[in-house]
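What follows is the residue order along each chain.
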Amino acid sequence: MDGKTKTLILGLGNSLLCDDGVGIYVAAELKNRVDRPDTTVMETGVAGLSLLDLLVGYDRAIIVDAIQTVGGKAGEIYRLEPKAFDTALHTASAHGIDFTTALEFGKKLGLPLPQEIVIFAIEASDVSTFSEECTSEVKSAIPACVEMVLQELN
Amino acid sequence: MKKITIDPITRLEGHGKIEIFLNDAGEVENSYFQVPELRGFEKFSEGRLAEDMPQITQRICGVCPEAHHMASTKTLDDLFHVDPPSPAKKLRELFYSAFYVTDHTTHFYILAGPDFIMGPEAPVAERNILGVIAKVGLELGGAVINARMKNHRIIHMLGGRAVHPVFGLPGGVSKGLNEDERKEVEQIAKDSVEFAKLSLKVFDDIVLKNKEYVDMIVSDAYTHHTYYMGLVDEKNKVNFYDGKVRVVDPDGKEFAKYSPREYLDHVAEHVEPWSYMKFPYLKKVGWKGFVDGKDSGVFRATPLSRLNAADGMTTPLAQEAYERFYSTLGGKPVHHTLATHWARLVELLYAAERLLELSRDPEITSSNIRTIPTATPDEGVGIVEAPRGTLTHHYITDEKGIIKKANLIVATVNNAAAVNMSVKKAAMALIKPGKKITEGLLNRIEMAWRPYDLCLACATHTLSGQAPIEVVIYNSKGEVVEKLSR
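Computed from a prediction, not measured in an experiment: that's the story for all the values here. (Residues numbered from 1 in each chain as written. Chains lettered and ligands numbered in written order. Predicted model: local features only at pLDDT ≥ 70, side-chain atom pairs only at ≥ 80, totals over all residues.)

## Description of the sheet that holds strand β6 (residues 244-248) of chain B
All names here are of chain B. Counted only if it meets this: Paired strands are those between which DSSP finds at least two bridges. Each helix is a run of DSSP H or I of at least 4 residues and each strand a run of E of at least 2, with the numbering of both proceeding from the N terminus.
Taken together, the four strands give an open sheet; going across it, the order is β7-β6-β5-β10, and neighbouring strands pair in mixed fashion. A single partner strand is all that each edge strand has here, and the edge strands are β7 (254-258) and β10 (299-300). Across four bridges, the pairing between β6 and β7 is antiparallel. When the sheet's bridge partners are listed, Val247 is paired in β7 with Ala256.

Dropping the structure here:
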């Protein structure tokens with residue numbers, strides 16, 4: 001990192017719905033661990049184009065979120081890039097405004113969006129029960145994910 | 001047809017699923033729409049301070065947090081038996097109108113627009129916002145972003161931040177507008193009115209002047225004769241923020257009109273063995289199954305429903321658009337589900353005009369924005385129109401305002417029965433023995449639920465903000481014939 005690259009670490013999720021909040025909890029922990037002028041750590045529960053709004057102005061983004069894959073094991077952590085979401089269930093809408101498309105839309109409009117995006121996705125077990133805590137397998141993945149993000153940052 | 005039992009355990013969590021079952025002849029026998037039920041809200045709310053609920057519940061949904069915030073705030077008014085001062089109510093409605101502009105804009109251009117602007121048979125790679133701006137111009141894409149950005153600025157102004165604002169309080173709001181802010185809101189509102197007019201023109205040029213699209217809109221495959229629900233003011237005009245819930249029958253006649261506290265006298269829930277989700281219906285008509293008609297208690301709560309349930313709009317341009325809507329489609333009520341997209345644009349214009357009206361109201365910069373509650377809390381119900389439909393919050397507390405019981409009915413749940421019916425009817429019309437199931441055909445089935453603008457908390461993950469849905473088609477042996485995952 002050259003100190004001039006503006007980086008956003010974005011914890012994404014719904015902190016009312018059990019494992020769906022894991023991205024937010026990882027970001028909350030990272031706020032205590034990251035202290036550099038070129039890096040912002042943010043938590044958000046927004047969806048839709050509002051996500052794009054948050055990415056504007058950064059050169060690089062590291063996004064942390066929950067994911068559910070067929071056959072996935074709760075607590076597993078994947079490092080992904082936006083292209084991986086072209087066929088994923090959650091980030092693609094019924095209209096193909098998948099992550100890649102949305103970024104492309106933003107760039108076509110001249111929005112200064114990150115050139116580099118990395119996503120750390122944690123396999124979730126329960127995203128439908130109201131709870132401000134994750135299930136134990138997902139909770140135990142939080143420290144490991146924090147370290148992975150820090151490594152990515154450096 | 002081979003009887004297939006749907007095992008709840010096999011359902012995938014986290015997204016919606018539509019399962020279509022074919023009979024031996026290859027015709028659609030049945031279809032089921034399921035969404036993951038959000039469990040444990042009542043338990044989660046127990047023991048919490050009711051006053052925290054506007055902040056907590058707005059986190060339920062990543063797409064319409066303002067709707068939950070407002071419904072919850074109104075519930076607190078009722079709970080604490082406090083009537084906010086007039087400037088506070090106007091500020092709330094101003095805030096809410098700005099939110100409506102952002103939300104309806106996003107839905108039309110990102111989710112609905114591509115169906116019509118690109119066409120249902122267009123390749124999936126083009127049926128999205130990129131295809132739209134390639135066709136109608138980059139400038140329109142910029143206008144969409146601008147409309148959202150400017151109205152988020154209003155939310156930020158009043159709520160302290162654009163996301164998860166801190167605004168509604170029992171008896172009022174936390175912040176008002178000074179004159180400089182008011183002027184800024186007024187300008188944003190003027191720009192929003194122009195944008196809404198442009199959006200209706202886009203719809204006119206691209207959809208209404210295209211016979212194929214109009215035929216599709218009025219086709220039987222996408223038509224249901226149901227009851228319609230929406231909030232109305234004292235003159236029975238559409239109001240997103242406040243009023244009574246009005247229900248009209250399939251002939252457009254008023255069937256019921258009730259205050260929020262009376263909702264349980266009018267709406268009951270039906271349970272199906274194959275679904276976690278319950279299906280609300282009109283108690284006084286009764287549950288007769290997934291059928292439409294006057295004898296069936298199935299109702300819809302959508303932008304189309306709101307226009308059907310009301311006698312008009314309070315603002316002049318929106319009223320003109322409303323009249324044109326009905327004269328074009330053959331009078332009231334309109335039963336064509338795809339017309340919901342048009343209704344959404346009429347509402348977009350109303351929201352922008354209402355925003356302008358309120359920004360010019362002499363009370364809007366008043367500092368009298370809160371009445372401190374003094375009564376002991378006990379029970380409260382608050383209803384608003386979320387962009388997707390009627391949203392209800394209901395809290396029962398002890399004398400200190402600690403929640404003992406809480407319930408909420410979201411728009412998607414209101415429309416659950418209707419969505420099932422819409423999908424089944426479209427599937428039956430489109431899937432025929434021997435006919436190849438193409439991408440375009442599946443898209444036309446998707447078009448049956450898209451107008452409902454399904455909003456689920458799990459949509460937090462999606463850039464579109466809409467629920468990811470999986471469509472699975474089974475033959476009579478229960479084997480998967482086709483699968484479409486979005």
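There is more to say, and it comes next.
## Brief notes about the environment of Val101 of chain B
All names here are of chain B. The condition is simple: Here contacts are defined at the residue level, using C-beta atoms placed from the backbone and a cut-off of 7 Å between them.
Turning to its location among the elements, Val101 is positioned in helix α4 (residues 86-117). Between the alpha carbons of Val101 and Val185 there is a distance of 13 Å; along the sequence they are 84 residues apart. Once residues within four sequence positions are removed from consideration, Val101 is found in contact with Ala147, Asn151, Ser192, Leu348, Ala351, Ala352 and Leu355.

## Side note on the nonpolar core
All names here are of chain B. What counts, and what does not: In this description, a nonpolar core means buried residues of the types Ala, Val, Leu, Ile, Met, Phe, Trp, Tyr and Cys, linked to one another by C-beta atoms lying within 7 Å. Whether a residue is buried, exposed or partly exposed is read from the other C-beta atoms within 10 Å of its own C-beta, which are placed from the backbone; 20 or more gives buried, 12 or fewer gives exposed, and intermediate counts give partly exposed. Segmentation of the chain into domains, including their bounds, is taken from an automatic or database domain assignment.
Grouped together as the largest cluster of nonpolar side chains are 182 residues, with contacts concentrated most on Phe95, Val247, Val346, Leu349 and Ala352. For this core, the element with the most residues is α4, which contributes 16 residues. Each of domain 1 (8-35 + 426-485) and domain 2 (83-223 + 336-372) accounts for three or more of the residues forming this core. Residues in contact with Phe95, not counting those within four places in the same chain, are Ile154, Ile155, Leu158 and Phe167.

## Observations regarding the environment of Leu150 of chain A
Tracing the sequence through the fold places Leu150 of chain A in helix α5 (residues 142-153). Along the backbone, Leu150 of chain A and Val34 of chain A are 116 residues apart, and their C-alpha atoms lie at a distance of 8.0 Å.

## A look at the sheet that holds strand β3 (residues 60-67) of chain A
Residues and elements named next belong to chain A. Test applied: Only C-alpha atoms enter the line fits that serve as axes; for helices the fit covers just the stretch in contact. Angles between N-to-C directions range over 0 to 180 degrees.
One open sheet holds the five strands; their spatial order is β2-β1-β3-β5-β4, and the pairing between them is mixed. Each edge of the open sheet is held by one strand with a lone partner, namely β2 (39-44) and β4 (77-80). In this sheet, adjacent strand axes meet at a mean angle of 15° when their direction is disregarded. In terms of strand pairing, β4 meets strand β5 (residues 116-123) through four bridges, oriented antiparallel. Its bridge partner being in β5, Leu80 is matched across the sheet by Ile119. Relative to strand β1 (residues 7-12), helix α1 (residues 22-33) is tilted by about 140°, and along the sheet it contacts β1, β2, β3 and β5.

Keep in mind that these numbers describe shape and distance, not what the molecule does.
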